[in-house]
Amino acid sequence: MMEINMKEILKQFNIDANANSYGDGHINETYRLESSPYLLQRINVDVFKNPHEVMENIENVTEHLRKKIVAAGGDPDRETLTVIKTADGANYYKVDDERVYRMYKFIEDAVSYNKVTSTKQFYDAARAFGKFQNMLADFPAEKLHETIVNFHNTPERVNQLLDAIKKDAVGRAKSVKAEIDFALERAGEMDAVLKAMDEGTVPLRVTHNDTKLNNVMFDTNTGEPICVVDLDTVMPGSMLFDYGDALRFGASTADEDEKDLSKVWFDLELFKSFSMGYIEEMKDVITPKELELMPFSAKLLTYECGIRFLADYINGDVYYKIHYPEQNLDRARTQLKLVADMESKMDEMKQIIKELTPAKA
Ligand code: ADP
Ligand code: GN1
Ligand code: MG
């Protein structure tokens, strides 16, 4: 593979700057440019097999959002991503099949968090994700490519775990028997949301699908959420995916890769704040079945994420970026611990949602 330096990539976008590694994403490589208001990303083509389609989605979605933001009197350069084109007018630059880059406007004076700093902040994040989804409610879903097939198909994720165990590519399966057993014991109940979607009681919506707290940028001056980022997985899905995934990350009392599981709990105050913000934002469209499945969806998305980390550990760390050898296992364990904790708190979670249910639903 021919070496290519960063300056040559930047030149394609008519930019001359130094690039420094940036952000805590598990998938793409992100670079902030020095003295230059842009953010460069190398798209992970092992994960996103068709970067052309990813970028087509992002252009269409951000164009749609831009119009809504302008109509509401907002600042579209700050409140959504802005794709910077190459000198040739393309929305990404391909060095070769492995190295594909895109450029965004850098959102200044903003920050994202890996842990919530207050219940109010998590409530605000919920409003931001809910608003994001509402702004896409009239986006023509047929225009969207499915950038990762079966992304939130949990039974399919169970199959992928079973495949990983069967192959046992690096001989790790026997060392994680307890985690595998825990996961497989619960596999049977993990089709509840898909079933409701098939029945039509949970509608298909355009969703973000990767609603980690660090995919929301907060204004450093006001503390308010300003922009939802990481739009690679915007696809038709259920709002329960966005709601549940945000909780699995944000309502944990510890980091996603915390080694000391006695620090990892599902925080009901945070669950309540997020649920309140999300329901407030979605109250005009939310269905009774969606409300009913909300507590379960927090567990579902946490379980799904846990078995994805576990499968990746068994596969030899081929999907997620890791910073030390056992990180995927640590990540899997926190998620499974959260699942167990949610099971013991499920009645309280249901009660909280009941209390937050809008009068008409
Ligand atoms: P990944 O897919 O690897 O998670 P993201 O697109 O989420 O990559 O980017 C990684 C981090 O970079 C985000 O969590 C956010 O903090 C920051 N970031 C992303 N886009 C922008 C932007 N346009 N301006 C400023 N910061 C950004
Ligand atoms: C990845 O890209 P990032 O870090 O925001 C992953 C999510 C997982 C998450 C776990 C495309 O999100 O699905 O829930 O890690 N994104 C993709 O932290 O697989
Ligand atoms: Mg991200």
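As the structure is a computational prediction, the values presented were derived from the model and not from experiment.

*Asks:* Would you mind going over the domain arrangement of the protein chain with me for this structure?
*Replies:* Segmentation of the protein chain into domains returns domain 1 (6-108) and domain 2 (119-356). For domain 1 and domain 2, the distance between their C-alpha centres works out to 25 Å. Every contact between the two is made by 27 residues of domain 1 and, on the other side, 28 residues of domain 2. Interface of domain 1 and domain 2: buried area, both sides summed, is about 2600 Å²; carbon and sulfur atoms make up 61% of it. Across the domain 1-domain 2 interface, the total number found is three salt bridges. Linking Arg 102 and Asp 232 is a salt bridge whose minimum nitrogen-to-oxygen distance equals 2.8 Å. Inspection of the domain 1/domain 2 interface yields 13 residue pairs in polar contact (both at pLDDT 80 or more). Elements represented by at least two residues in the side of domain 1 that touches domain 2 include exactly helix H2 (51-71) and helix H3 (76-79). Looking at the side of domain 1 that touches domain 2, the element that brings in the most residues is H2, giving 12 residues.

*Asks:* Explanation requested: the side chain of His 26 in the structure shown.
*Replies:* On the secondary structure map, His 26 appears in the loop between strand E1 (19-21) and strand E2 (29-33). Here the side chain of His 26 touches Glu 256 through a polar contact of 2.7 Å, side chain to side chain. In this structure, His 26 is in contact with Lys 212, Glu 256, Phe 309, Tyr 319, Tyr 320, Lys 321 and Arg 331, ignoring residues within four places of it in sequence.

So, how was this worked out
Residues numbered from 1 in each chain as written. Chains lettered and ligands numbered in written order. Predicted model: local features only at pLDDT ≥ 70, side-chain atom pairs only at ≥ 80, totals over all residues. Heavy atoms only, no water. Domains from an automatic or database assignment. Contact = heavy atoms within 4.5 Å. Buried area = accessible area lost by both parts, 1.4 Å probe. Salt bridge = Lys/Arg side-chain N within 4 Å of Asp/Glu carboxyl O. Polar contact = N/O pair within 3.5 Å; in protein donor to acceptor, adjacent residues only side chain to side chain. Helix = DSSP H or I, 4+ residues; strand = E, 2+ residues; numbered from the N terminus.

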